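One-letter residues, chain by chain:
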Amino acid sequence: METAAREVQAVTGYVDESVTDPVEAMKSLAGQFAQQGAPMKALERLLNTYQQRRHEADAGVVEGSPAPSPGSVIASRVGLVGLGLIPGVGAFTGALDANQVAAGAEQLKGMLSARFRSHEDVQLVLSPVRALAPVFLQELAEIAQRRSWVVLFFDTYERTGPMLDTWLRDVLVSDRYGELPANVLVVLAGQGRLDTQCWGDWLDLVADLPLAVFTETEARQLLAAKGVTDEHVIEVVLRLSGRLPLLVSTLAESQPAAAAEVGDPSGTAVERFLKWETRPERRAAALACALPQELDEDVYRAAVADEDARELFGWLRSMPFVIDRAGRCHYHEVVRTAMLRLQRQQSPARWRQQHAQLAETFAGWRTQLACNAAGLSERWRDERWCSYRLQETYHRLCADPDRALPLALRELLDAWSDSTTTLRRWVQMLARAGQDTDDREIRQWSDRLVAAMSEPEPGIAAMTLLLSGPALDRPGRAAAHRLRGIGHHGAARHDSALADFERAVALDPDRPEALHSRARSLIVTGRHEDALADLDRAIELAPDAPAVLATRGDTRRVMRRHQEALTDLDRAIELDPGHSWAVGARAELFRELGRHEEALSEFARAVELDPGYAWAVGSRGRVYQGLGRYEEALAEFDRAIALDPEYAWAIGSRGQICQELGRYEEALSEFARAVELDPEYVWAITARGQTLRELGRYEEALAEFDRAIELDPEYAWAIGSRGQIYRELGRREEALAEYGRAADFDPDSPWLMLLRAQTCRELGRHRAALDLLERASVGYSDKGLFHYEKAMVLRSLGLPGWDACLARAVELLGSGKEVAALGNLVLAHTAASSPVEAVHALESFLRADPPAGQVVEVHAELAVLIRLNPSVADHMTPVQQRLLDALPPEFRAALS
């Protein structure tokens, strides 16, 4: 069929069981189209990006990424989330259900968003099929416009169907990825019929062509075309072949002239394939080349021992049972299986020897690669190294199953460290070895591992299987527990992850990687002291591991051990100057220390090392925000959001700046967008509530605070914010109760102390207010409102220093740009008996278009000040009226 298609100038593509998923299928087809002068350049670029990003994500926990690494969980979801499928619970996942898998995917999405340069990169890693298929279809359509036909052939579909069915169905009969041109045909060849569960609604679009044995007439036609006309020869061929098309063609290939040349009818199928090949070196070469899973000229020369046959690769490629694809070829399954069985039975010793020699050949090629001297992850990222290693392992299994199987099972761990796609290739190789050797133990293992690959999280299922028996030695079991822990960690199952890391450390206590992984799990659960102990031990074992040093430095930063943190981060960057996360962590440390220019410089360096480092870009915006450089901050947040349109933190930070600038409706919109992206983003929910509070929309604000507290009952900011509403509604005792409850969860918060002090002062509890203000001074000594409150309390208690506090309040509030600062400046001038300055401040306040909530606050506090200092009443009573006039009618009615 492919030959017929090419005869009418069609572009063709061929896929067989060598591909393991839709991504590999699209990659293979793109390569074949390029060889026919129809390149898919955009798809090839995107495939290269996918390969790079996938390895960057998988390196996370091992190399110290800023967020918990998804490890190989990413690839395990490629076939599930990427295709929109969430399979049911299977034997290997136990307690997992569809909701857990979906939740894990969402958690994974958040982790990758903090690491990658763009939303497109996150989606490419999480859902490669969704990202690649539209580009594939678009370029396929462009090719179809230039050519009369495009025909895609999917061979051995009984093997590839389970992996390709859903993707191929969506490509053919839906518009999920785009429209398929009318001049694109798809041919599926397999042993069984299409799966009705997948294709049932579309079978009327399928032209079913069952391939039966030849009729006698068809067989005679083929033999005549091959020049076989002797009736006795024809009868022997028909009998020996059973009219199986492949056998008829093979037996006719050498054009036997007499029945005797066809051979003894009791001969094996292999003998029938080669009966008319009289040259022994060719027969030997054909048999020897059945042993490798695939061939090129180098593999051919390694497999063929006879010097007289060393140059016969071209002849072998011309044989009808050899399928040739772009210089690499393999035997038809029927022929290879028969040849392998024959050789294994005829001479087991030669079978073992030949496979052992092939294993050594592939091992030699592997060790000659430059990447062989690199680290484990670098080797597994090299496609040639992986291919050589896979073939080497296959041949060792064939040569000596008992000895090679434990090593092959251990190798599955390294395969999963690379990706689930690589793990799947290794499992398929193991299944192939079980079939070709007919070894019972290999077949049992491969059957169970193939079943594990169909689970929702195949990597975790495979590790669970390997850990269920004595297959692995002690270090291997430790590595399997660690890898399974990384999988759980990436899916936010922190208890399960920690349990696996605990076991990994117990089995191999001197393995720095296990200690590092456990430390990262402990960090997520807030156990920083325990994490630090693990990191100390890991660094003791591996003093020059930059990833571990960076993690310890960032942990010490969180613990406010700043100098030690800086020492660790400096050393990590010295060892690996390109470690963008370590540079970003040092920048964050500088920000916390108030070393703003150094922080800006370090964040810029982190972004230079990784231009798509959205967290570093957003964090630079945070520094600008802290410096009051709001426009620059907004520009940085915009840039971070451009890199990742679903970066909820950067969107919420934009909202915060809009709020500070008095752009309240914009702020509400930004907070709503952040919450839409992350419905459990309690900070953004609370920030939205605070904006509504400032607008005087108290009922809506309370609803937002209630929602945040429901999501996180210990979220002090939301609880304290609800107290603010109660205070502004005059329910001061309830407000104090809320502040107290919030303080139970955040006892050192200066913000809560200031709120409690304000309320205590308004209730006449001035001594309690003063105590709270003394405690709040640690964090609020540079805030004008703090000095104003202290001045009012000191004045009420008749204590000295109130006037100095008030002067400091005027100074600080006068330099502020926020709308709230201008309102508080009105109060500070009034308290200082400076009514003229207060009126000027009022004009500035009203020009800033303050929200209703702030106007109400200033109006209420102004009434208190006029009662305390009647001498300003003449000047300030009109000010009160101005404030009332600035309010919407419903607020004026409420105040009056």
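Residues numbered from 1 in each chain as written. Predicted model: local features only at pLDDT ≥ 70, side-chain atom pairs only at ≥ 80, totals over all residues. Heavy atoms only, no water.

Draft legend 1. Region of the structure containing the overall build of the chain. Across its full length, the chain holds 51 helices and five strands. Looking at the chain as a whole, 54% of its 896 residues are labelled buried. At a minimum sequence separation of 6, the contacts of the chain that also span at least 24 residues come to 62%. Looking at the chain as shown, the accessible area adds up to about 38500 Å², and 49% of this sits on carbon and sulfur atoms. (Helix = DSSP H or I, 4+ residues; strand = E, 2+ residues; numbered from the N terminus. Buried < 20%, exposed > 50% of the residue type's maximum accessible area, 1.4 Å probe, protein only. Contact = heavy atoms within 4.5 Å. Areas by Shrake-Rupley, 256 points an atom, 1.4 Å probe, with all protein chains shown as cover.)

Draft legend 2. Region of interest: the packing of aromatic side chains. Per the counting criterion, the structure on display carries 16 aromatic pairs. A ring pair is formed by Trp365 and Tyr388, whose centres lie 5.7 Å apart and whose planes are at 50 degrees; its orientation type is tilted. Highlighted residues: Trp365 in helix α20 (residues 348-368) and Tyr388 in helix α22 (residues 383-399), separated in sequence by 23 residues. Seen from their ring centres, Tyr715 and Trp717 are 6.4 Å apart, and the 90 degrees between their planes marks the pair as edge-to-face. Relative accessible area serves as the criterion here: at 24%, Trp717 is assigned to the partly exposed category. Put simply, the rings of Phe671, Tyr681, Trp683, Tyr715 and Trp717 pair up and form one aromatic cluster. One Lys or Arg, Arg344, reaches over the ring of Trp351 and ends 5.9 Å from the middle of that ring. One residue, Arg448, lies across the ring of Trp445, its end atom 4.5 Å from the ring centre. (Phe/Tyr/Trp six-rings, centres within 6.5 Å; stacked < 30°, edge-to-face > 60°. Lys NZ or Arg CZ within 6 Å of the ring centre and 35° of its normal.)

Draft legend 3. Spatial organisation of helix α44 (residues 766-780). Taking the largest bend as the criterion, α44 deviates by roughly 30 degrees, centred on Glu774. On its buried face, α44 sits against α43 (750-762) and α45 (784-797). (Bend = angle between axes of the 7 residues up to and from the residue.)

Draft legend 4. Summary view of helix α38 (residues 664-677). Taking 1.5 Å of rise per residue, the 14 residues of α38 would be expected to cover 20 Å, and the 20 Å separating its terminal C-alpha atoms lies within 8% of that figure. Where α38 is concerned, the buried positions are Tyr664, Ala667, Leu668, Glu670, Phe671, Ala674 and Val675. For α38, the angular spread of buried residues about the axis comes to 165 degrees, placing them on one side. Away from the buried face of α38 by more than 90 degrees, exposed residues Glu665 and Glu676 are located. For α38, the elements touching its buried residues are α37 (648-660), α39 (682-694), α40 (698-711), α47 (819-831) and α49 (852-868). (Expected span 1.5 Å × (residues − 1). Arc of directions from axis to C-beta.)

Draft legend 5. Up close: the sheet that holds strand β1 (residues 11-15). On the basis of which strands lie adjacent, the open sheet formed by three strands has the order β1-β2-β3 and parallel pairing. Whereas interior strands pair on both sides, the edge strands pair on one side only; in this sheet they are β1 and β3 (184-188). If you compare each strand with its neighbour and ignore which way they point, the axes differ by 15 degrees on average. As judged from the five bridges shared by β1 and strand β2 (residues 150-154), these two strands associate in the parallel manner. Its bridge partner being in β2, Val15 is matched across the sheet by Phe154. (Pairing = 2+ DSSP bridges. Axes fitted to C-alpha atoms, helices over the stretch in contact; angles between N-to-C directions.)

Draft legend 6. Fine view of the pairing of β3. Across five bridges, the pairing between β2 and β3 is parallel. Note that in β3 the partner of Phe153 across the bridge is Val187. Where the polypeptide runs from β2 across helix α9 (residues 157-173) and back to β3, its parallel neighbour, the crossover connection is right-handed. (Right-handed = clockwise from strand over helix to strand, strands pointing away.)

Draft legend 7. Expanded view of the packing of α40 against helix α41 (residues 716-728). Running from amino to carboxyl end, α40 crosses α41 at an angle of 155 degrees, the nearest separation of the two axes being 9 Å. By the criterion of interaxial angle, the relationship of α40 to α41 is roughly antiparallel. α41 is crossed by α40, and the crossing has left-handed handedness. Contacts from Tyr698, Ala701, Leu702, Phe705, Asp706, Ala708 and Ile709 of α40 reach α41 at Ala718, Ile719, Ser721, Arg722, Ile725, Tyr726 and Glu728. (Parallel < 35°, antiparallel > 145°, perpendicular 65-115°, else oblique. Left-handed = near helix turned anticlockwise from the far one by under 90°.)

Draft legend 8. Inspection of the pattern of salt bridges at higher detail. Within the structure shown, the criterion is met by 65 salt bridges. Arg301 serves as the salt-bridge partner of Glu311, at 2.9 Å between the closest nitrogen and oxygen. One end of the pair, Glu311, is in the loop between α17 (297-303) and α18 (313-317); the other, Arg301, is in helix α17, and ten residues separate them in sequence. In this structure, the salt-bridge partner of Arg765 is Glu733, at a minimum N-O distance of 2.4 Å. Pair noted here: Arg765 is in the loop between α43 and α44 and Glu733 is in helix α42 (residues 732-745), with a separation of 32 residues, a long-range link. Given the relative accessible area of 45%, Glu733 is considered partly exposed. (Salt bridge = Lys/Arg side-chain N within 4 Å of Asp/Glu carboxyl O.)

Draft legend 9. Here's a closer look at unusual backbone geometry. Despite not being glycine, Thr156 has its phi angle at roughly 45 degrees, a positive value. Mapped onto the fold, Thr156 is located in the loop between β2 and α9. Its identity is not glycine, yet Ala492 carries a phi of approximately 65 degrees, on the positive side. Relative to the helices and strands, Ala492 is located in the loop between α27 (474-490) and α28 (494-507). Residue classification places Ala492 among the partly exposed residues on the basis of a relative accessible area of 28%.

Draft legend 10. Local environment of the environment of Thr367. On the secondary structure map, Thr367 appears in helix α20. Of note is the side chain of Thr367, whose polar atom sits 3.0 Å from the backbone oxygen of Gly364. (Polar contact = N/O pair within 3.5 Å; in protein donor to acceptor, adjacent residues only side chain to side chain.)

Draft legend 11. Structural view of the environment of Gly434. Turning to its location among the elements, Gly434 is positioned in helix α24 (residues 420-437). Placed 33 residues apart in sequence, Gly434 and Pro401 show a C-alpha to C-alpha distance of 9.0 Å. Among all residues touching Gly434, those that are not within four sequence positions of it are Asp439, Ile442 and Arg443.

Draft legend 12. Inspection of the nonpolar core at higher detail. Membership of the largest hydrophobic core comes to 127 residues, with the highest contact counts inside it found for Tyr788, Leu842, Phe845, Leu862, Met876 and Leu883. Setting aside chain neighbours within four positions, we find Leu862 in contact with Leu827, Thr830, Met876, Val879, Gln880 and Leu883. (Core = buried A, V, L, I, M, F, W, Y, C linked by side-chain atoms within 4.5 Å.)

Draft legend 13. Representation of a nonpolar patch on the surface. Nonpolar side chains collect at one region of the surface, where Val8, Trp149 and Leu185 lie side by side and expose about 270 Å² of accessible area between them. Here Trp149 is to be found in the loop between α8 (128-146) and β2. (Patch = residues over 30% accessible without salt bridge, like charges linked within 9 Å, V, L, I, M, F, W, Y side chains within 5 Å.)

Draft legend 14. Just the side chain of Arg556, in detail. Within the secondary structure, Arg556 is located in helix α31 (residues 546-558). Beyond its immediate chain neighbours, meaning those up to four positions away, Arg556 contacts Leu532, Asp536, Arg561, Glu564, Ala565 and Asp568.

Draft legend 15. Quick peek at the packing of helix α48 (residues 835-847) against helix α50 (residues 873-885). Running from amino to carboxyl end, α48 crosses α50 at an angle of 10 degrees, the nearest separation of the two axes being 10 Å. As far as their axial angle goes, α50 and α48 are roughly parallel. Across from Pro835, Ala838, Val839, Leu842, Glu843, Phe845 and Leu846 in α48, the residues of α50 making contact are His875, Met876, Val879, Arg882 and Leu883.

Draft legend 16. Local environment of the confidence of the model for the chain. Scored by pLDDT, the chain has a mean of 86; 90% of the residues are at 70 or more. The low-confidence segment residues 61-96 (pLDDT under 50) makes 131 contacts with residues lying over four places distant or belonging to another chain. Every residue in residues 263-268 is under pLDDT 50, and counting partners more than four places away or in other chains gives eight contacts. (pLDDT = per-residue confidence, 0-100.)

Draft legend 17. Up close: the environment of Ile866. Inspection of the secondary structure puts Ile866 in helix α49. Not counting chain neighbours up to four residues away, the residues in contact with Ile866 comprise Ala873, Met876, Thr877 and Gln880.

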